[in-house]
Amino acid sequence: CQTATGVDHILLAAAREHHVGVARVPRYSTESVAEKALLFLLALSHRLRETDRAVAAGGWCRSPDFALLQLPYSELAGKTLGVVGYGAIGRRVARIARSFGMQVRVAGIPGRRYRPNAGRIPLNRVLKSDFVTLAPSGSPSAGTGFAPTVSGDGRYVAFASLGSDLVAGDTNGV
């Protein structure tokens with residue numbers, strides 16, 4: 001089963017030839033994708049993969065402090081989240097991030113016009129945030145349940161898509 005709202009993975013010509021209707025279902029996955037984007041933010045900031053590996057290797061039990069002090073983590077509160085794409089998913093991610101105490105920066109997309117009070121920040125400033133989530137609307141990936149999340153230092157990338165496993169890691173190895 002493939003869970004997506006887009007139609008870019010469907011052979012549209014074949015569907016037409018066999019008189020099969022194809023339609024997008026916008027907004028049905030907003031909550032799931034937004035929650036998954038925040039899941040990845042938490043996994044990145046708390047170094048979930050590294051911690052899981054260290055615990056599985058017995059590091060927690062062998063530690064005299066019953067802690068993994070060699071893996072410091074960062075809380076989301078007080079960090080900045082850049083949001084590129086402020087449609088239904090981008091707005092929902094921003095709202096959840098604010099509930100974690102994050103400062104949200106919404107990117108103004110170059111070439112687009114916004115109301116004077118829209119609160120858009122230049123894209124180059126948004127990309128310097130601690131974390132950046134991409135939720136582009138009106139693009140080929142719009143509505144596909146895809147919300148990649150990147151740390152501001154460019155080291156980590158996480159892709160949120162419905163039904164996917166966590167994909168996070170050092171971008172030097174990706």
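Residues numbered from 1 in each chain as written. Predicted model: local features only at pLDDT ≥ 70, side-chain atom pairs only at ≥ 80, totals over all residues. Heavy atoms only, no water.

## Remarks on helix α5 (residues 88–99)
No. 1: If you check α5, its first and last C-alpha atoms are 17 Å apart, about what twelve residues at 1.5 Å a residue would give, namely 16 Å.
No. 2: Among the residues of α5, Ile89, Gly90, Val93, Ala94, Ile96 and Ala97 are the ones counted as buried. The buried side chains of α5 occupy one side of the element, clustering within an arc of 170° when seen end-on. Turned more than 90 degrees off the buried face of α5, the exposed positions are Arg95 and Ser99. (Helix = DSSP H or I, 4+ residues; strand = E, 2+ residues; numbered from the N terminus. Expected span 1.5 Å × (residues − 1). Buried < 20%, exposed > 50% of the residue type's maximum accessible area, 1.4 Å probe, protein only. Arc of directions from axis to C-beta.)

## Thoughts on the confidence of the model for the protein chain
No. 1: Across the protein chain, the average pLDDT comes to 78, with 74% of residues at 70 or higher.
No. 2: Contacts for the low-pLDDT stretch residues 139–147, under 50 throughout, to residues beyond four places or in other chains number 29 contacts.
No. 3: Overall, residues 155–174 carries pLDDT values under 50, and its contacts beyond four positions in sequence, including any with other chains, amount to 56 contacts. (pLDDT = per-residue confidence, 0-100. Contact = heavy atoms within 4.5 Å.)

## Considering unusual backbone geometry
No. 1: Despite not being glycine, His19 has its phi angle at roughly 55°, a positive value.
No. 2: Position of His19 among the secondary structure elements: in the loop between α1 (12–17) and α2 (30–45).
No. 3: The exposure class of His19 is exposed, given its relative accessible area of 75%.
No. 4: A positive phi angle is found at Arg47, which is not glycine, with a value near 55°.

## Considering the pattern of salt bridges
No. 1: All chains considered together, the criterion is met by two salt bridges.
No. 2: Salt-bridge contacts for Arg92 lead to Glu31; the nearest nitrogen and oxygen are separated by 2.9 Å. Placement of the pair is Arg92 in helix α5 and Glu31 in helix α2, with a sequence separation of 61 residues.
No. 3: A salt bridge links Glu50 to Arg47; the nearest nitrogen and oxygen atoms lie 3.1 Å apart. (Salt bridge = Lys/Arg side-chain N within 4 Å of Asp/Glu carboxyl O.)

## A few points about the pairing of strand β2 (residues 103–108)
No. 1: In this structure, strand β1 (residues 80–84) lies alongside β2, joined through four bridges in parallel fashion. What sits directly across from Thr80, in β2, is Gln103.
No. 2: In this region the chain leaves β1, passes through α5 and returns to the parallel neighbour β2; the handedness of that crossover is right-handed.
No. 3: Pairing of β2 with strand β3 (residues 120–122), which is carried by three bridges, proceeds in the parallel orientation. Its bridge partner lying in β3, Ala107 is registered against Ile121. (Pairing = 2+ DSSP bridges. Right-handed = clockwise from strand over helix to strand, strands pointing away.)

## Focus: the environment of Trp60
No. 1: Position of Trp60 among the secondary structure elements: in helix α4 (residues 59–62).
No. 2: Excluding its chain neighbours within four sequence positions, the residues that come into contact with Trp60 are Ala54, Val55, Phe66, Ala67 and Leu68.

## Structural notes on the environment of Leu44
No. 1: Within the secondary structure, Leu44 sits in helix α2.
No. 2: Taking relative accessible area as the criterion, Leu44 reaches 11% and is therefore assigned buried.

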